[in-house]
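Read off the chains here:
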Amino acid sequence: MLAVDLAEGRLVLEDLAPRTALDGLLRRHGAAAHADRLTAAARARGELGALTAGHAEAYYRRRAALGPVDPAADRLGRVARQRESGMPSLPGVPVPGGVEREFGAALAELAEPGPFLVLSNGDAEANNVLVHAAGPADARLIDFEFAGFTHAPHDAVPLHVPGPGWLSLGGPAEGEVYRRALAAGVPQAEDDGRYGRGLAAACVSYALARLTRLAVLDGRPAGDDSRAQLVATLEAAARTA
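A. Quick look at the overall build of the chain. Looking only at helices and strands, one finds 10 helices and seven strands in the chain. Looking at the chain as a whole, 41% of its 241 residues qualify as buried. Split by element, the accessible area of the chain, about 12700 Å² in all, is 55% carbon and sulfur.

As structure tokens, this is what we get:
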């Protein structure tokens, strides 16, 4: 969006063609064929965080003029419901008190991001990154339907934990690209301890949020790939933590 006049009902938007969604390229060719596009996507996410850090008050002042908004819910993003419902449970799987305490600490970290409070589109998956299929990637982020200020590492989760469609936006190398770009506006991202706590909390909370899909997957026939994908998602999050 370049300009808007709400009274006149007019928007001026940039035409992003002929870019294409990154997830389609990854499905067709695999991640190795698009390493430069994965790097560009990670950098774009980090740059968005770096540029918007410290601007939450101005954002919500403008946002409130358009309708009701809940900044606290934005901060937790996709794991907001976990704050209300608590630790997800699995039939027959005991959850010791230590696990619940660590889960509570993760949610507390995400609820109070401090200097890591940055703008996110709220859905950092590969389908919301447009790139050129050939030549310089020139990545652009789209789909700000769920945008809000949240803990920056939420946008780094897809670099470490596969998401829908069993797609991730890279790995440790792209994670460092994101982190360096973020540090340009959030220098605390250079602190391994502070950044690591936020990243671990975001990854584990996201993976646990995916547990809500177990009931759906249980209704599918044995051997369905989606069952194995969910298990691998949880294992990837555990490695990050």
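Still more to cover.
B. Spotlight on the pattern of salt bridges. Per the counting criterion, the structure on display carries seven salt bridges. With a closest N to O distance of 2.5 Å, Asp138 and Arg19 form a salt bridge. One end of the pair, Asp138, is in the loop between strand E5 (129-131) and strand E6 (140-141); the other, Arg19, is in the loop between strand E2 (10-12) and strand E3 (20-21), and 119 residues separate them in sequence. Of the residues examined, Asp138 reaches a relative accessible area of 37% and is grouped as partly exposed. Between Asp192 and Arg179 there is a salt bridge whose closest N-O contact spans 2.5 Å. Taken together, the residues Asp192 in helix H8 (residues 192-209) and Arg179 in helix H7 (residues 172-183) connect sequence positions 13 residues apart. On the accessibility criterion, Asp192 (56% relative accessible area) is exposed.

C. Broad picture of the sheet that holds E3. Ordered in space as E3-E5-E6, the three strands form an open sheet in which the pairing is antiparallel. In the strand order of this sheet, the two ends are held by E3 and E6, each with one partner. Bridge analysis of E3 against E5 gives two bridges, and the strand direction is antiparallel. Looking at E5, one finds that Thr20 is bridged to Val131.

D. Seen up close, empty space enclosed by the protein. Considering all chains together, one arrives at one cavity of 30 Å³ or more under this definition. For the largest cavity, the calculated volume is near 40 Å³. Taken together, the residues of the lining of the largest cavity sort by class into four nonpolar, one polar and one charged.

E. A look at the environment of His151. With respect to the element layout, His151 can be found in strand E7 (residues 148-151). Discounting residues that sit within four places of it in the chain, His151 has contacts with Arg75, Glu109, Leu110, Pro113, Phe116 and Gly198. Side chain to side chain, His151 and Glu109 meet in a polar contact 2.8 Å long.

F. Broad picture of the nonpolar core. Among the nonpolar cores identified, the biggest contains 52 residues, and Leu22, Phe116, Val129, Val131, Tyr178, Leu182 and Tyr195 are the most heavily contacted of them. Residue assignment for this core shows that the elements contributing at least two residues are helix H1 (22-29), helix H2 (35-52), helix H3 (56-64), helix H6 (97-111), strand E4 (117-120), E5, H7 and H8. Examining the composition of this core, we find that eight residues originate from one element, H8, more than from any other. Look past the residues within four positions of Val131 in its chain and what remains in contact with it is Arg19, Thr20, Leu22, Leu25, Arg37, Ala137 and Ala139.

G. View of H8. Helix length check: H8, at 18 residues, gives a terminal C-alpha distance of 25 Å against a target of 26 Å (1.5 Å per residue), a fit within 8%. When we look at burial in H8, the residues that qualify are Tyr195, Gly198, Leu199, Ala200, Ala201, Ala202, Cys203, Ser205, Tyr206, Ala207, Leu208 and Ala209. Between the side-chain oxygen of the N-cap and the backbone nitrogen of Gly193 there are 2.9 Å, and the N-cap of H8 in question is Asp191.

H. Expanded view of the layout of surface pockets. For the largest pocket, the calculated volume is near 1400 Å³. What lines the largest pocket is a set of 38 residues, among which Tyr59, Leu119, Phe144, Glu145 and Ala147 lie closest to the centre. Of all elements in the fold, only H3, helix H4 (71-76), E4, E6 and E7 reach the threshold of two or more residues within the lining of the largest pocket. Broken down by element, the residue count for the lining of the largest pocket peaks at five residues, all from H3.

I. Local environment of unusual backbone geometry. In the segment running from Ala17 into Pro18, the intervening peptide bond is cis, with an omega of 10 degrees. By the secondary structure assignment, Pro18 is in the loop between E2 and E3. Positive phi, close to 65 degrees, is recorded for Asp143, a residue that is not glycine. Tracing the chain through its elements places Asp143 in the loop between E6 and E7. Asp143 gets classed as partly exposed once you look at its relative accessible area, which sits at 32%.

So, how was this worked out
- Counting restarts for each chain, with residues numbered from 1 along the sequence as it is written.
- Local features in this predicted model are restricted to residues of pLDDT 70 or higher, and side-chain atom pairs are both shown and tallied only at a pLDDT of 80 or more, whereas totals for entire chains, interfaces and linings draw on every residue.
- Hydrogens and water molecules were not included; the side-chain quantities draw on all heavy atoms of the structure.
- Helix and strand assignments follow DSSP, with helices taken as H or I runs no shorter than four residues and strands as E runs no shorter than two, numbered in order from the N terminus.
- For every residue, the accessible area obtained with a 1.4 Å probe (protein chains only) is divided by the maximum for its type, and the residue is called buried under 20%, exposed over 50%, and partly exposed between those limits.
- All accessible-area figures derive from a Shrake-Rupley calculation using a 1.4 Å probe, and residue coverage is judged against the displayed protein chains alone.
- By definition, a salt bridge exists where a carboxyl oxygen of Asp or Glu is found within 4 Å of a side-chain nitrogen of Lys or Arg.
- Each pair of strands is called paired provided DSSP finds at least two bridges between the two strands.
- Using only the protein atoms, space was sampled on a 1 Å grid; points where a 1.4 Å probe fits but cannot get out form cavities, open sets with protein on both sides within 12 Å along at least five of seven lines form pockets, and lining residues are those with an atom within 4 Å of a point.
- Grid points are joined across faces, edges and corners, and a volume is the space filled by probe spheres set on the points.
- The residue classification treats Ala, Val, Leu, Ile, Met, Phe, Trp, Tyr, Cys and Pro as nonpolar and Asp, Glu, Lys and Arg as charged. All others, Gly included, are polar.
- The criterion used for residue contact is that any of the two residues' heavy atoms lie within 4.5 Å.
- Side-chain atoms alone can form a polar contact between residues adjacent in sequence; in general such a contact is a pair of N or O atoms within 3.5 Å, and within protein one must be able to donate a hydrogen while the other accepts it.
- We call a set of buried residues a nonpolar core when its members are Ala, Val, Leu, Ile, Met, Phe, Trp, Tyr or Cys and they connect through side-chain atoms within 4.5 Å of each other.
- Multiplying 1.5 Å by the helix residue count minus one yields the expected span of that helix.

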